[in-house]
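Structural overview
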Amino acid sequence: MAVDVAHAPAPHAPPRAGRAWGALALLALAGLALALRLADPGRTPWAANLLVVFGGLLVEAVPFVLLGAVVSAAIEVFVRSDLFARLGALPRPLQLPAAALAGLAFPVCECGSVPVARRMAAKGLAPAAAVTFMLAAPILNPVVLASTFVAYRGRDVLWTMVLGRAGLGLAVAVAVGWVVGKASPGELLRPAAPEGPRPLPLGRPEPRWARFAEHLVGDFVFMARFLVLGAAVAAVVQTFVPQSFVARVADLPVVNLLAMMALAGLLSLCSESDAFVAASFVRFGPAAQLAFLVFGPMVDMKLGALYLGTYRRGFTRTVVVVVAAVTLVGALWLEVFVG
């Protein structure tokens, strides 16, 4: 008897253990918040700051994870598989820039782009192109470019920052896609979590809206648990790393670029709001701020957790090395021309 694979469940729909893990994490967070509320907040400023940063990152990122899960589920249910297979057959020099420019049509933050890229690769798009889209979309989408424009309006470097962010982000994303090369989805993506056997549907096929909801919940829970881990690590770093460290390196060539890239990775900001933070570092030049704006949406602590949960070992290291190298070179050229 033939099995109708079109109505199969989401490949990484979380088992009951995953849902229990998420519930326990929420209960632990609620318990900690209640304990701090009952205690004297003045005696535990570090704990209060830790919760504020952690909660702020989640509040900022979760809507975009949900948006990414919506797009991912829509791709799975409503887009034909052979479409991505045909896109994957395009010449590689054309395929990667096209995938990067596709980010203009998807207002997805860096957290939301990860499940979308995973779904694209699973549907037949070449993994290199899916990774290129994943890295470019958080920088090239219209919402991020508009926020960058607003953050730098009235400054002489307005178009340098807006166009420089778009151009350098495109170059970095294509470079990473080129390094990933011809890896297959099985070589790049982690295997789907095993799920118990389910009875074959009898009678009428499952409605599309029901399949959409099932994929949406599976994608969201799968990515959210790693987002919680990354946000917790980022909150710890922001709470205990002295903020005065950045000011001491602002005037050191090359070091200032590396410092802003490291700061972007530690702060784990959303790409749709990070331009306002970068613009506030007035002691740093445009090149250092541009390095912050390009590196952060591609490599930060919460993304590191998402990458580790989505891709096989070695992928995260490759992304960090290539993104850091190309961003540093591009920012150095900008520093030569702009100062």
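Quick look at the packing of aromatic side chains now. Under the criterion given, the structure shown has eight aromatic pairs. Relative to Phe284, the ring of Phe281 lies with its centre 6.1 Å away and its plane at 85°, an arrangement referred to as edge-to-face. The buried category is assigned to Phe284, whose relative accessible area is 5%. Centre to centre, the rings of Tyr307 and Tyr311 are 6.4 Å apart; their planes meet at 65°, and the pair counts as edge-to-face. You'll find Tyr307 and Tyr311 in the same group, each marked buried. The structure contains a cluster of three or more aromatic residues connected by ring pairs, namely Phe281, Phe284 and Phe292.

Taken N-terminus to C-terminus, the directions of helix 5 (residues 110-122) and helix 6 (residues 127-140) make an angle of 165°; their axes are 9 Å apart at the nearest point. Looking at the two axes, helix 5 sits roughly antiparallel to helix 6. Where helix 5 crosses over helix 6, the handedness of that crossing is right-handed. Judged by residue contacts, Glu110, Ser113, Val114, Val116, Ala117, Met120 and Ala121 of helix 5 engage Pro127, Ala130, Phe133, Met134 and Pro138 from helix 6. Here the contact of helix 5 with helix 6 is built from residues that sort into 10 nonpolar, one polar and one charged.

A few words on the confidence of the model for the protein chain. Across the protein chain, the average pLDDT comes to 77, with 76% of residues at or above 70. pLDDT under 50 marks residues 1-19. Its contacts with residues more than four places away, or in other chains, come to 32 contacts.

Considering the arrangement of structural elements, one finds Gln289 in helix 14 (residues 286-295). Considering only alpha carbons, one finds Gln289 and Met161, 128 residues apart in sequence, at a separation of 8.4 Å. Contact partners of Gln289, with chain neighbours within four places excluded, come to Tyr152, Arg155, Met161, Met260, Ala278, Ala279, Phe281, Val282 and Phe284. Of note is the side chain of Gln289, whose polar atom sits 3.1 Å from the backbone oxygen of Phe281.

Before going further, it helps to examine helix 7 (residues 142-152). Buried within helix 7 we find Val144, Leu145, Ser147, Thr148, Ala151 and Tyr152. Buried residues in helix 7, looked at end-on, bunch into an arc of 160°, giving them a common side. Along its buried surface, helix 7 packs onto helix 6, helix 8 (158-180), helix 13 (274-280) and helix 14. One or two residues past the end of helix 7 sits Gly154, with phi positive at roughly 85°.

The biggest cluster of nonpolar side chains holds 83 residues, and the ones touching the most others in it are Val131, Met134, Tyr152, Phe292, Tyr307, Tyr311 and Phe315. The element that contributes the greatest number of residues to this core is helix 6, accounting for 11 residues. Once residues lying within four places of it in the same chain are set aside, the contact partners of Phe315 are Val131, Met134, Val180, Leu188 and Tyr307.

Moving on to a nonpolar patch on the surface. Taken together, Phe149, Val150, Trp159, Leu163 and Phe276 make up a surface patch of nonpolar side chains, about 500 Å² in accessible area. When contributions to the nonpolar patch are tallied by element, the ones reaching two or more residues are helix 7 and helix 8. By secondary structure assignment, the location of Phe276 is in helix 13.

Each value, and the rule that gives it
- Residues numbered from 1 in each chain as written.
- Predicted model: local features only at pLDDT ≥ 70, side-chain atom pairs only at ≥ 80, totals over all residues.
- Heavy atoms only, no water.
- Phe/Tyr/Trp six-rings, centres within 6.5 Å; stacked < 30°, edge-to-face > 60°.
- Buried < 20%, exposed > 50% of the residue type's maximum accessible area, 1.4 Å probe, protein only.
- Axes fitted to C-alpha atoms, helices over the stretch in contact; angles between N-to-C directions.
- Helix = DSSP H or I, 4+ residues; strand = E, 2+ residues; numbered from the N terminus.
- Parallel < 35°, antiparallel > 145°, perpendicular 65-115°, else oblique.
- Left-handed = near helix turned anticlockwise from the far one by under 90°.
- Contact = heavy atoms within 4.5 Å.
- Nonpolar A, V, L, I, M, F, W, Y, C, P; charged D, E, K, R; others polar.
- pLDDT = per-residue confidence, 0-100.
- Polar contact = N/O pair within 3.5 Å; in protein donor to acceptor, adjacent residues only side chain to side chain.
- Arc of directions from axis to C-beta.
- Core = buried A, V, L, I, M, F, W, Y, C linked by side-chain atoms within 4.5 Å.
- Patch = residues over 30% accessible without salt bridge, like charges linked within 9 Å, V, L, I, M, F, W, Y side chains within 5 Å.
- Areas by Shrake-Rupley, 256 points an atom, 1.4 Å probe, with all protein chains shown as cover.
- Salt bridge = Lys/Arg side-chain N within 4 Å of Asp/Glu carboxyl O.

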